[in-house]
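# Remarks on the overall topology
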Amino acid sequence: MTAQIINGKEISAAFRKTLAQKIADFPSEDMPVLAVILVGDDDASKIYVRNKQKAAAEVGIGCEVMEFSSTIGEQALLNVIDELNANHHIDGIIVQLPLPKHLDRLKILSRIAPSKDVDGFSPYNTGLLSYNSPDAFISATPKGILHLLLSTGIELEGKHAVIIGRSNIVGRPVSTLLLNQNCTVTITHSRTQDLPSIVKTADIIIAACGQPCLIKGDWIKEGAVVIDVGINRIDGKLCGDVDFAEAVNKASFITPVPGGVGPMTVAMLLANTFAAFCRHQQSSHHCNCDHHHCNCQG
Ligand code: NDP
């Protein structure tokens, strides 16, 4: 078997095109605005923020980047978030991760108003996701993964999904999201025993462990769907957490790295920002659309 490639780049481009049209058609003079807080000098973070800014501009979302020194104090950062929370022109707020060690990530992320938490990392929104509430802002990478899975047309209900990784950013929210889709979910991590045997039972594999090419072809059940979230660099070359050359001969569908999950992440962040904008417009009685009908979540 040779797997069909799930082309995240194309799927993301189509999604962003549709989103741009929805934003253009939105009956308001206002424009959705995303505030991005960037702390420190991490080169990768700077690139991610620049990509978000560019992608936002392309769909008609304003993006205000606020840069701070890595020595900023916790209270000062909390004050910045308070100001953004109170600013009616700002629809979404994200804090680019990772943060310097002296800043308490949970405390900072918890400070973002739930209605502006478009990364969905706050305890409030992760709680709503656990309740399978339609009001949850689902964090971008997990939401993008679900979008890619749905794009294959496979039935998710009843499937065994094995997730490799339990981070708050990927593994845990993906597990909740797939549970909400009626998958049977197994979460694995660095202390899991006999990982290959567990992966072998999966109909759907979500690899999010940050270990280059860890998942080998002979770990994969014939016909499984493989979503590779990992972004690793070996000798300057990007690779995922799955040994693609082997896996492509076992899976039915597989995401490449790059060009799989990565491009979806920014698209989903933009969709969440537009959804926050729609909610704000509605709550301030500017919006004629019913959020649940305008499908602004994408
Ligand atoms: P973290 O480092 O926060 O978490 C990694 C997880 O993988 C942990 O739960 C860890 O277990 C587990 N793990 C590590 N080694 C093994 C192993 N040998 N076997 C089984 N489990 C293992 O990473 P993130 O979740 O933030 O990211 C994961 C990967 O996804 C990275 O490569 C990252 O770059 C990429 N990524 C890609 C994004 C995209 O847009 N495409 C977005 C976000 C991340 P334990 O908890 O026990 O330590």
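Look up a bit, the structure's there.
To start, this report covers the structure provided alongside it. (Residues numbered from 1 in each chain as written. Predicted model: local features only at pLDDT ≥ 70, side-chain atom pairs only at ≥ 80, totals over all residues. Heavy atoms only, no water.)

## Some words on the overall build of the protein
In plain terms, the rule: Elements are defined by DSSP. Helices are runs of H or I of four residues or more, strands are runs of E of two residues or more, and each kind is numbered from the N terminus. Within these notes, the globule rule equals 2.2 Å times the number of residues to the 0.38 power, and the radius of gyration is based on C-alpha atoms. Only protein chains enter the accessibility calculation, which uses a 1.4 Å probe; a residue whose area is less than 20% of its type maximum is buried, one above 50% is exposed, and one in between is partly exposed.
Secondary structure summary: the protein contains 11 helices and 11 strands in total. Against the globule reference of 19 Å for 298 residues, the protein gives a C-alpha radius of gyration of 19 Å, in line with a compact fold. The principal-axis extent of the C-alpha atoms belonging to the protein is close to 55 × 45 × 35 Å. For the protein, with 298 residues in total, the buried portion stands at 50%.

## Examining the sheet that holds strand 5 (residues 160-164)
This is how it is decided: Paired strands, in this sense, are two strands between which DSSP finds at least two bridges. We call two residues in contact when some of their heavy atoms are within 4.5 Å. Every axis in this analysis is a line fitted to C-alpha atoms, fitted for helices over the stretch in contact. Angles between the N-to-C directions lie between 0 and 180 degrees.
The strand order across the open sheet built from six strands is 1-11-8-7-5-6, with neighbouring strands paired in parallel fashion. Here the strands that pair on one side only, and so sit at the sheet edges, are strand 1 (4-5) and strand 6 (184-188). Set on the sheet, helix 6 (residues 140-151) makes contact with strand 7 (204-207) and strand 8 (225-228); between it and strand 8 the angle comes to about 150 degrees. The sheet strands contacting helix 7 (residues 171-180) are strand 5, strand 6 and strand 7, and the helix crosses strand 5 at an angle near 170 degrees.

## Here's the deal with the site of the ligand
The cut-off we apply is this: Here a residue is considered near a molecule or strand provided that any single heavy atom belonging to it is located within 4 Å of it. Whenever a nitrogen or oxygen atom comes within 3.5 Å of another N or O atom, the pair is scored as a polar contact, on the condition that within protein one atom can donate a hydrogen and the other can accept it, and that pairs from neighbouring residues in sequence are kept only if both atoms are in side chains. Here, Shrake-Rupley sampling with a 1.4 Å probe gives the accessible areas, and only protein chains in the shown set may cover a residue. Polarity classes work like this: nonpolar for Ala, Val, Leu, Ile, Met, Phe, Trp, Tyr, Cys and Pro, charged for Asp, Glu, Lys and Arg, and polar for all others, with Gly in that last group.
The ligand sits among 21 residues. The nearest are Arg-166, Ser-167, Ser-190, Ile-231 and Thr-265. Take Ser-167: an N or O atom from its side chain is 2.5 Å from an oxygen atom of the ligand. Take Ser-190: an N or O atom from its side chain is 2.5 Å from an oxygen atom of the ligand. When isolated, the ligand has an accessible area of 930 Å², and the protein chains bury 70% of it. For the shell around the ligand, the element with the highest residue contribution is helix 10 (residues 261-283), accounting for three residues. Among the residues making up the shell around the ligand, the classes are represented as nine nonpolar, 11 polar and one charged.

## Some words on the packing of helix 1 (residues 8-25) against helix 10
How we decide: Here is the rule for angles: anything less than 35 degrees is roughly parallel, anything more than 145 is roughly antiparallel, 65 through 115 is roughly perpendicular, and the remaining ranges are oblique. Take the far helix as the reference: if the near one is turned anticlockwise from it by less than a right angle, the crossing is left-handed, and if turned clockwise, right-handed.
With their axes 8 Å apart at the nearest point, helix 1 and helix 10 run at an angle of 20 degrees to one another. In terms of orientation, helix 1 lies roughly parallel with respect to helix 10. Here the hand of the crossing between helix 1 and helix 10 comes out left-handed. Taken together, the residues of helix 10 that come into contact with helix 1 (itself represented by Gly-8, Lys-9, Ile-11, Ser-12, Phe-15, Arg-16, Leu-19, Lys-22 and Ile-23) are Pro-263, Met-264, Ala-267, Met-268, Leu-270, Ala-271 and Phe-274.

## Topic: the sheet that holds strand 4 (residues 92-95)
Here three strands make up an open sheet; going across it, the order is 3-2-4 and the pairing parallel. Of all strands in the sheet, those with a lone pairing partner are strand 3 (62-68) and strand 4, marking the two edges. Neighbour to neighbour, the strand axes of the sheet diverge by 20 degrees on average, direction disregarded. Alignment of strand 2 (residues 33-39) against strand 4, held across four bridges, turns out to be parallel. Residue pairing across strands places Leu-34 opposite Gly-92, the latter belonging to strand 4.

## Digging into the environment of Gly-230
Examined against the element boundaries, Gly-230 turns out to sit in the loop between strand 8 and strand 9 (232-234). Sequence separation between Gly-230 and Asn-272 is 42 residues; the distance between their C-alpha atoms is 23 Å. Here Gly-230 is in contact with Ala-207, Cys-239, Gly-240, Asp-241 and Val-257, once residues within four sequence places are set aside.

## Quick word on the pattern of salt bridges
This is how the line gets drawn: Any Lys or Arg side-chain nitrogen located within 4 Å of an Asp or Glu carboxyl oxygen qualifies as a salt bridge.
Taken as a whole and assessed by the stated rule, the structure comprises seven salt bridges. The salt bridge involving Lys-54 is made with Glu-58; its shortest N-O contact spans 3.6 Å. One end of the pair is Lys-54 and the other is Glu-58, both in helix 2 (residues 43-59) and four residues apart, which spans about a single turn. The salt bridge partner of Lys-216 is Asp-243, with a shortest N-O separation of 3.6 Å. Of this pair, Lys-216 sits in the loop between strand 7 and strand 8 while Asp-243 sits in the loop between strand 10 (237-239) and helix 9 (244-247); the two residues are 27 residues apart in sequence, bridging distant segments of the chain.

## Side note on the pairing of strand 5
Operational definition: Throughout, right-handed denotes a crossover for which the path from the first strand over the helix to the second runs clockwise when the strands point away from the viewer.
Burial of strand 5 is extensive: five of the five residues sit out of reach of the surface. For the handedness criterion, the β-α-β arrangement of strand 5, helix 7 and strand 6 is classed as right-handed. Summarising the sheet, strand 5 and strand 7 pair through four bridges and their orientation is parallel. Its bridge partner being in strand 7, Ala-161 is matched across the sheet by Ile-204.

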